[in-house]
Amino acid sequence: QKEVEQNSGPLSVPEGAIASLNCTYSDRGSQSFFWYRQYSGKSPELIMSIYSNGDKEDGRFTAQLNKASQYVSLLIRDSQPSDSATYLCAVILVMGGSNYKLTFGKGTLLTVNP
Amino acid sequence: GAGVSQTPSNKVTEKGKYVELRCDPISGHTALYWYRQSLGQGPEFLIYFQGTGAADDSGLPNDRFFAVRPEGSVSTLKIQRTERGDSAVYLCASSLEGKSTDTQYFGPGTRLTVL
């Protein structure tokens, strides 16, 4: 089983809608969770980090973490065409000493249609 | 302030050749990482430096790959006897101290093509 799994998409939503991106992880020792956005041909850019169960909001973005279900999601409200990109879920396993290594999913391609 | 920079942005080489990829991290960041991203995949960890030392090189695919960071700032990833399967985007990232809660800032990457 892959360590971090995401639906590769593409996920297509109309402008102004809510985009919901999901990620599951296999290792219960994972403690830090990140969402990166990657535009085509560009490098990943951090948009959200979350470390404890519950919701974390930053502008139009909300990250949700459920450690019991090993599930982390990203909601984008009022989606804009400029949000069209690949969204990468990444986790860090803190236990075992390797508390620096990001393990990424394959990413979900989001397209926001005007 | 300057972000992470990488040179060259593109490198085309022939199978069997030697290449060096350079990363200049954000000033003051002690932690430096190399990742490799193949088409349609997320980045995969290669090596982590804390200061001058390679704290974890478990992601290097084989002994053709080697990386250094002699003065604790700039790092060079070296690939010997390149193979077509080495073609990918090589990403460098840096973070302030290497803590699990530190943001890793990525450079623009070097696209390596092995013919």
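Located above this text is the structure these notes cover.
Basis of the calculations
- Residues numbered from 1 in each chain as written.
- Chains lettered and ligands numbered in written order.
- Predicted model: local features only at pLDDT ≥ 70, side-chain atom pairs only at ≥ 80, totals over all residues.
- Heavy atoms only, no water.
- Core = buried A, V, L, I, M, F, W, Y, C linked by side-chain atoms within 4.5 Å.
- Buried < 20%, exposed > 50% of the residue type's maximum accessible area, 1.4 Å probe, protein only.
- Helix = DSSP H or I, 4+ residues; strand = E, 2+ residues; numbered from the N terminus.
- Contact = heavy atoms within 4.5 Å.
- Phe/Tyr/Trp six-rings, centres within 6.5 Å; stacked < 30°, edge-to-face > 60°.
- Disulfide = S-S within 2.5 Å.
- Pairing = 2+ DSSP bridges.
- Axes fitted to C-alpha atoms, helices over the stretch in contact; angles between N-to-C directions.
- 1 Å grid on protein atoms, 1.4 Å probe; cavity = no way out; pocket = protein on both sides within 12 Å on 5 of 7 lines; lining within 4 Å.
- Points joined across faces, edges and corners; volume = space filled by probe spheres on them.
- Nonpolar A, V, L, I, M, F, W, Y, C, P; charged D, E, K, R; others polar.

### Observations regarding the nonpolar core
Ranked by size, the top nonpolar core spans 23 residues in total, and within it Phe33, Trp35, Val72, Leu74, Ile76, Tyr87 and Leu110 of chain A carry the most contacts. Contributions of two or more residues to this core are made by strand 3 (19-25), strand 4 (30-38), strand 5 (45-50), strand 7 (61-66), strand 8 (71-76), strand 9 (85-93) and strand 11 (108-113) of chain A. Contact partners of Tyr87 of chain A, with chain neighbours within four places excluded, come to Gln6, Leu21, Trp35, Tyr36, Arg37, Ile47, Leu74, Ile76, Gly107, Thr108 and Leu110 of chain A. Grouped together as the second largest cluster of nonpolar side chains are 20 residues, Val19, Ile26, Phe65 and Ile79 of chain B included.

### Some thoughts on the packing of aromatic side chains
Scanning the entire structure with this criterion turns up 12 aromatic pairs over all chains. A centroid spacing of 4.1 Å and a plane angle of 15 degrees characterise the contact between Tyr100 of chain A and Tyr48 of chain B, whose relative ring orientation is stacked. Here Tyr48 of chain B lies in strand 5 (residues 44-50) and Tyr100 of chain A lies in the loop between strand 9 and strand 10 (102-104), a pairing that spans two chains. Judged by relative accessible area, Tyr48 of chain B falls into the buried class, the value being 5%. Here Tyr35 of chain B and Phe45 of chain B contribute two aromatic rings whose centre-to-centre distance is 6.0 Å and whose plane-to-plane angle is 75 degrees, an arrangement assigned as edge-to-face.

### Considering the state of the cysteines
Chemically, a disulfide is nothing more than a covalent bond linking the sulfur atoms of two cysteines. Taken as a whole and judged by the stated rule, the model has two disulfides over all chains. Residue Cys23 of chain A pairs covalently with Cys89 of chain A via a disulfide, S to S 2.1 Å. Judged by the torsion about the S-S bond (-70 degrees), the Cys23 of chain A/Cys89 of chain A disulfide is left-handed. Here the residue Cys23 of chain A occupies a position in strand 3, and Cys89 of chain A occupies one in strand 9, the gap between them amounting to 66 residues. Judged by relative accessible area, which is 1%, Cys23 of chain A ranks as buried. For Cys89 of chain A, a relative accessible area of 0% translates into the label buried. A disulfide bridge connects Cys23 of chain B with Cys92 of chain B, and the sulfur atoms are separated by 1.8 Å. When the S-S torsion is -65 degrees, as for the bridge of Cys23 of chain B with Cys92 of chain B, the disulfide is left-handed. Residue Cys23 of chain B is located in strand 3 (residues 19-24), and its partner Cys92 of chain B is located in strand 9 (residues 88-95); the two are separated by 69 residues in the primary sequence.

### A closer look at the sheet that holds strand 7 of chain A
The pairing of strands in a sheet comes from backbone hydrogen bonds and takes either a parallel or an antiparallel form. Residue and element names in this part refer to chain A. Across the sheet, which stays open at both edges, the five strands sit in the order 1-3-8-7-6 with antiparallel pairing between neighbours. Of all strands in the sheet, those bounded by a partner on one side alone are strand 1 (4-6) and strand 6 (54-58). Neighbour to neighbour, the strand axes of the sheet diverge by 20 degrees on average, direction disregarded. Relative to strand 8, strand 3 runs antiparallel, the two sharing six bridges. Bridge assignment links Ser20 to a residue of strand 8, and that residue is Leu75.

### Regarding the sheet that holds strand 8 (residues 75-79) of chain B
Residues and elements named next belong to chain B. Taking strand neighbours across the sheet as the criterion, the four strands line up as 1-3-8-7 in an open arrangement whose pairing is antiparallel. The open sheet has two edge strands, strand 1 (5-7) and strand 7 (65-68), and neither has a second partner. For this sheet the average axis-to-axis angle between neighbouring strands, irrespective of direction, equals 15 degrees. Strand direction decides the pairing type here: strand 7 and strand 8, joined by four bridges, are antiparallel. Within the sheet, the bridge partner assigned to Phe65 lies in strand 8 and is Ile79.

### Details of the layout of surface pockets
A volume near 650 Å³ is recorded for the largest pocket. Lining the largest pocket are 30 residues, with Gln38 and Gly41 of chain A together with Gln37, Leu39 and Arg111 of chain B sitting closest to its centre. Those elements that place two or more of their residues in the lining of the largest pocket are strand 9 and strand 11 of chain A together with strand 9 and strand 11 (110-114) of chain B. The leading source of residues in the lining of the largest pocket is strand 11 of chain B, at four residues. Its boundaries defined by the atoms lining it, the second largest pocket holds a volume of some 290 Å³. For the lining of the second largest pocket, the elements supplying multiple residues, two or more each, are strand 10 of chain A together with strand 5 of chain B. Taken together, the residues that form the lining of the second largest pocket break down as seven nonpolar, five polar and six charged.

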